[in-house]
Amino acid sequence: NTVVNWADGETGIKTVQVPIIDNADQEREKLVQIVLSSATGAELGMREGFLMILTDEFVPGFDQHPGYFGIGGGFRVDESAGFVEVEVVRYAGNQGQVSVDVFGEEPTLTLLNIPATQGVDFAQPQNPTLTWADGEAGPKIMQIPIIDDFEDEGTETFRLRLHNPQGADVAFDGFGISIIDDDVIQPEGLITFVNRESFAPESNGTLNIDVARRHGTLGTVTVDYQLWDNGGSVADDFIGAMDGQLAWADGEGGVKTISLTIDDDADYENFHSIAPILSNVTGGARLDRQRDNNGISVGLAFLHDPEDQSEGADGD
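Residues numbered from 1 in each chain as written. Predicted model: local features only at pLDDT ≥ 70, side-chain atom pairs only at ≥ 80, totals over all residues. Heavy atoms only, no water.

### Thoughts on the overall build of the chain
Next, step 1: Broken down by element type, the chain carries one helix and 23 strands.
Next, step 2: Residues classed as buried in the chain amount to 34% of the 316 residues present.
Next, step 3: For the chain, contacts bridging at least 24 residues in sequence account for 72% of all contacts bridging at least 6.
Next, step 4: Carbon together with sulfur atoms contributes 47% to the accessible area of the chain, which is approximately 17600 Å² in total. (Helix = DSSP H or I, 4+ residues; strand = E, 2+ residues; numbered from the N terminus. Buried < 20%, exposed > 50% of the residue type's maximum accessible area, 1.4 Å probe, protein only. Contact = heavy atoms within 4.5 Å. Areas by Shrake-Rupley, 256 points an atom, 1.4 Å probe, with all protein chains shown as cover.)

Okay, structure coming up:
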């Protein structure tokens, strides 16, 4: 066990050295789990990582085997870095030209960190293919784009996957990339959807969309909202106003709710998506996930019509 300390006012990276024991055994790669625990004075973000030990012993027939592909461990990156460099290795052989594609993948389940979202937190590499020539082995670097935003969201994680191997097999992948949130929010606060997605059955009568002011309460702040309908007419789904303004007084934070009255009609519509849009924030606050200075933040809401389709047809 090792204790790592930061002094008052100190930030940045500390390095822990893990001794590696070299032996003469011809063996496959091995994983060592690194776990952080018992934090004092701060909260843990990424709680675990993995150290991969690759053999460097001479393997008979090395130059007569194409080898294997692997990802050289997990990685961490600051959100504002723009990209993360991923190390992919060809090992245990170098016969023939080989290639493999590198992709980021949203995790289906993570107990340690918040799942990152493709297109929101990370993007796919423009050219995902890495190639090794005949007789070449060892690591190559792929850059995975990281998308910066203004939302205080904690440490988010996505997975690295190797696809479409040509000439050699994939031995191991699936390691995590942890995106460390480094946003600094001004004292007027951040205006954000509480949930990126909202849901209501049509029979509920009301669709509630919660918007919060977080991380600052200096001054009076307002934000406009409106609905954009994906593939239909908003007026057919709701009764009354479908746009308006939310306001927080000086010193006030917390959640405001947009309540929309649903028109529960007899038409069978299955799922229907609507995009609530926040715009025109005033008072110095910021919208989360604001891109390209377009001044808007977009959420997603779903209406579900549980009416039986055949019944709806009979009633026509």
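Having seen it, we continue.
### Topic: the sheet that holds strand β13 (residues 190–193)
Next, step 1: Strand order in this open sheet of five strands is β17-β19-β15-β13-β21, and the pairing throughout is mixed. Looking at which strands have only one partner, the edges of the open sheet turn out to be β17 (238–239) and β21 (286–287).
Next, step 2: The pairing of β17 with strand β19 (residues 254–262) spans two bridges and is antiparallel. Each bridged residue has a counterpart across the sheet, and for F238 the counterpart in β19 is I262. (Pairing = 2+ DSSP bridges.)

### Digging into the nonpolar core
Next, step 1: Ranked by internal contacts, the top residues of the largest apolar core, which has 27 residues, are V86, V88 and F158.
Next, step 2: Taken together, the elements giving at least two residues each to this core come down to β3 (68–71), β4 (75–78), β5 (83–91), β6 (98–105), β8 (129–132), β9 (138–145), β10 (156–166) and β12 (176–180).
Next, step 3: Per element, the largest residue contribution to this core is five residues, and it comes from β5. (Core = buried A, V, L, I, M, F, W, Y, C linked by side-chain atoms within 4.5 Å.)

### Comments concerning the confidence of the model for the chain
Next, step 1: In this model, the chain carries a mean pLDDT of 76, and residues with pLDDT of at least 70 account for 66%.
Next, step 2: Within the chain, β8 carries the highest mean pLDDT (96), whereas helix α1 (residues 309–314) carries the lowest (41).
Next, step 3: Confidence drops under pLDDT 50 across residues 290–294; counting only partners more than four residues distant or on other chains, this segment forms seven contacts.
Next, step 4: Per-residue pLDDT stays below 50 along residues 306–316; that stretch engages in six contacts with residues further than four places along the chain or on separate chains. (pLDDT = per-residue confidence, 0-100.)

### Things to note about the packing of aromatic side chains
What describes a pair of aromatic rings is the distance from one ring centre to the other and the angle between the planes of the rings.
Next, step 1: Within this structure, the stated rule accounts for three aromatic pairs.
Next, step 2: Seen in terms of ring centroids, F69 and W132 are 5.4 Å apart; in terms of plane orientation they differ by 40°. Their pairing is tilted. Here the residue F69 occupies a position in strand β3, and W132 occupies one in strand β8, the gap between them amounting to 63 residues. For the pair F69 and W132, a shared accessibility class is recorded, and that class is buried. (Phe/Tyr/Trp six-rings, centres within 6.5 Å; stacked < 30°, edge-to-face > 60°.)

### Section: the sheet that holds strand β11 (residues 169–172)
Next, step 1: The four strands are arranged β9-β5-β3-β11 in an open sheet whose pairing can be described as mixed. Taken across any chain shown, the strands that pair with only one partner, and hence form the sheet edges, are β9 and β11. The average undirected angle you get between the axes of adjacent strands in this sheet is 30°.
Next, step 2: Relative to β5, β3 is paired through four bridges, and the arrangement is antiparallel. Each bridged residue has a counterpart across the sheet, and for F69 the counterpart in β5 is R90. (Axes fitted to C-alpha atoms, helices over the stretch in contact; angles between N-to-C directions.)

### Brief notes about the environment of A39
Next, step 1: One can find A39 in the loop between β1 (30–35) and β2 (48–53).
Next, step 2: Residue A39 is classed as partly exposed on the basis of its relative accessible area, which comes to 41%.
Next, step 3: Separated by 34 residues in the primary sequence, A39 and N5 place their C-alpha atoms 9.9 Å from one another.

### Some points on unusual backbone geometry
Next, step 1: In the Ramachandran plot, S38 falls in the positive-phi region, its phi being about 55° despite a non-glycine side chain.
Next, step 2: Phi angles above zero are rare outside glycine, and N164 is one such case at about 55°.
Next, step 3: Since its relative accessible area comes to 44%, N164 is described here as partly exposed.

### Thoughts on the environment of V86
Next, step 1: With respect to the element layout, V86 can be found in strand β5.
Next, step 2: Given a relative accessible area of 0%, V86 falls into the buried group.
Next, step 3: A sequence separation of 15 residues divides V86 from I71, and the C-alpha atoms of the two residues are 7.6 Å apart.
Next, step 4: Among all residues touching V86, those that are not within four sequence positions of it are I71, F75, K140, I141, M142, I144, L160 and I177.

### Some thoughts on the pattern of salt bridges
Next, step 1: Enumeration according to the criterion identifies three salt bridges in this entry.
Next, step 2: Across the pair R161 and E105 runs a salt bridge, and its minimum N-O distance is 3.0 Å. Highlighted residues: R161 in strand β10 and E105 in strand β6, separated in sequence by 56 residues.
Next, step 3: On the basis of relative accessible area, E105 is assigned to the partly exposed category, the value being 31%.
Next, step 4: For the salt bridge of K140 with E136, the shortest nitrogen-to-oxygen distance reads 2.9 Å.
Next, step 5: Residue E136 is classed as partly exposed on the basis of its relative accessible area, which comes to 28%. (Salt bridge = Lys/Arg side-chain N within 4 Å of Asp/Glu carboxyl O.)

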